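Below, each chain spelled out in residue letters.
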Amino acid sequence: MERPWTVTVQGVRGSMPAVSGEYLEYGGNTACTAVDCGGRLILFDAGSGLTGPWGRLQGKNRADLFIGHVHADHIIGLFGFGALHNPEMEIHLYGEARGGVSFRRQLEFFVGPPYWPIGFSDFRASVTIHEILPGQCVPLGGGLSMRVMRGNHPNQSLLYRLDGAGHSVVYTLDCEMNDSLLPQLRAFAEGADLLIWDASFTDTDLARHPGWGHSSWRQGIEMGKAAGVKMVLMTHFSNDYTDTFLHEQERQALAEAPDGIAVRFAREGMEVRL
Ligand SMILES: [Zn+2]
Ligand SMILES: [Zn+2]
């Protein structure tokens, strides 16, 4: 029998954490999403949300953490990720080499002196660093697999598709659409249960930020429809967007969502059951 998956939103912001009373409803932590695959824990990105109160690590002794790219908003949570200090934990980190620098070197450079007092050699968990490539399908055991696709983002990004046990989650932060990418992404996301989408900007703000490597919620709805996904979850919001502003965007997006596709705006602590 298929076991249900639970997706937990742990961080919803791009670029920088957003800290003030105007961000309490949607949340202010940077990108992190957890997928509990009926026992196995898969994490997408290590933004500050990785250290928040929503973590589903309790009772787990293994976490597989896929990092889309190493811009700071996607890895700052590694500084405070308590599981790295737990000798009972097995942690697998996945990402790509960039500019001739191995993924391991990128992480070790950032997480350690002088940027942080301790580094990988101090962690008591069993940590394995895996270097992956776009086009690859990474077997995760237990019938789970992760497909990897190239995203369009400054310094490049990886997009992910997790499949297994009759469920599928596609994760497409941070990525700017273009004519060659659209059909590739449509095929990549085809028929997924859940598409987790880079909704950094409104269409108006997107037009003001060409080349920043992001998308809009309206593009997410269009992609969801084209790829036949069941639900689109908007996240990675600009930290200029307050609760009041996002409420209005959410209202518009829900009004535009075509029949057959659920559209949700991520809030920290939100759970989606698949
Ligand atoms: Zn980002
Ligand atoms: Zn980025």
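So, how was this worked out
Residues numbered from 1 in each chain as written. Chains lettered and ligands numbered in written order. Predicted model: local features only at pLDDT ≥ 70, side-chain atom pairs only at ≥ 80, totals over all residues. Heavy atoms only, no water. Pairing = 2+ DSSP bridges. Helix = DSSP H or I, 4+ residues; strand = E, 2+ residues; numbered from the N terminus. Axes fitted to C-alpha atoms, helices over the stretch in contact; angles between N-to-C directions. Contact = heavy atoms within 4.5 Å. Buried < 20%, exposed > 50% of the residue type's maximum accessible area, 1.4 Å probe, protein only. Right-handed = clockwise from strand over helix to strand, strands pointing away. Core = buried A, V, L, I, M, F, W, Y, C linked by side-chain atoms within 4.5 Å. Donors = N, O, S within 2.8 Å, 3.2 Å for Na, K, Ca; no water. Tetrahedral: all angles 85-135°; square planar, octahedral: opposite > 155°, others 65-115°. Polar contact = N/O pair within 3.5 Å; in protein donor to acceptor, adjacent residues only side chain to side chain. Arc of directions from axis to C-beta.

Novice: Help me out: how do you make sense of the sheet that holds strand E10 (residues 167–172) in this one?
Specialist: Strand pairing within a sheet occurs via backbone hydrogen bonds; the two strands may be parallel or antiparallel. Taken in spatial order, the 7 strands make up an open sheet running E7-E8-E9-E10-E11-E12-E13, and their pairing is mixed. Because the sheet does not close on itself, it has two edges, and the strands there are strand E7 (137–141) and strand E13 (262–265). Strand after strand, the sheet turns through a mean of 20° between neighbouring axes, direction not considered. Here helix H2 (residues 181–189) sits on the sheet in contact with strand E8 (144–151), strand E9 (157–164), E10 and strand E11 (194–198), set at roughly 170° to E8.

Novice: Explanation requested: the pairing of strand E5 (residues 90–95) in the structure shown.
Specialist: Two faces make up the sheet, and in a regular strand the side chains alternate between them. Most of E5 sits inside the fold, with 5 of its 6 residues counted as buried. Where strand E4 (residues 62–66) lies against E5, 5 bridges are found, and the strand directions are parallel. Residue pairing in the sheet places Leu65 in a bridge with Leu93 of E5. As judged from the 6 bridges shared by E5 and strand E6 (residues 126–131), these two strands associate in the parallel manner. Paired with Leu93 across the strands is Ile129, a residue of E6. Between the parallel elements E5 and E6, the chain passes through helix H1 (residues 103–110) in a crossover that is right-handed.

Novice: It is not clear to me how the nonpolar core should be interpreted in this structure. Could you clarify?
Specialist: One broad trend across soluble globular proteins is that nonpolar side chains are buried collectively. The biggest cluster of nonpolar side chains holds 61 residues, and the ones touching the most others in it are Ile42, Phe44, Leu162 and Met234. In this structure, Phe44 is in contact with Ala31, Cys32, Thr33, Val35, Leu65, Phe66, Met146, Tyr160, Leu162, Val169 and Tyr171, ignoring residues within four places of it in sequence. Membership of the second largest hydrophobic core comes to 27 residues, among which are Cys32, Ala46, Ala63 and Ala83.

Novice: What should I look at first to understand the coordination of the zinc ion (ligand 1) in this one?
Specialist: Reference geometry at the metal: tetrahedral coordination by four donors gives ideal angles of 109.5 degrees; octahedral coordination by six donors gives 90 or 180 degrees. Only Asp73 (OD), His74 (NE2), Asp174 (OD) and His236 (NE2) from the protein reach the zinc ion (ligand 1) as donors, at distances of 2.1 to 2.3 Å. Given 4 donor atoms and angles of 88 to 158° at the metal, the environment of the zinc ion (ligand 1) is assigned as irregular. Between the zinc ion (ligand 1) and the zinc ion (ligand 2) the interatomic distance amounts to 3.9 Å. Taken together, the residues span a long stretch of sequence, with His74 in the loop between E4 and E5 and Asp174 in the loop between E10 and H2 at a distance of 100 residues.

Novice: What's the story with the side chain of His214 in this structure? I'm lost.
Specialist: Position of His214 among the secondary structure elements: in the loop between helix H3 (203–208) and helix H4 (217–227). On the accessibility criterion, His214 (8% relative accessible area) is buried. Of the polar contacts made by the side chain of His214, one reaches the side chain of Asp198; its length is 2.9 Å. When residues no more than four places from it in sequence are discounted, the contact partners of His214 are His153, Asp174, Cys175, Glu176, Met177, Asp198, Ser200, Phe201, Leu206 and His236.

Novice: Help me understand H4 in this model?
Specialist: Side chains three or four residues apart in an α-helix point the same way, a direct result of the helix having 3.6 residues per turn. For H4, the full list of buried residues reads Trp217, Gly220, Ile221, Met223, Gly224 and Ala227. For H4, the angular spread of buried residues about the axis comes to 165°, placing them on one side. Taken together, the buried residues of H4 touch H2, E11, strand E12 (231–235), helix H5 (243–256) and E13. Immediately beyond the C-terminal end of H4, within one or two residues, lies Gly228, with a positive phi of roughly 65°.

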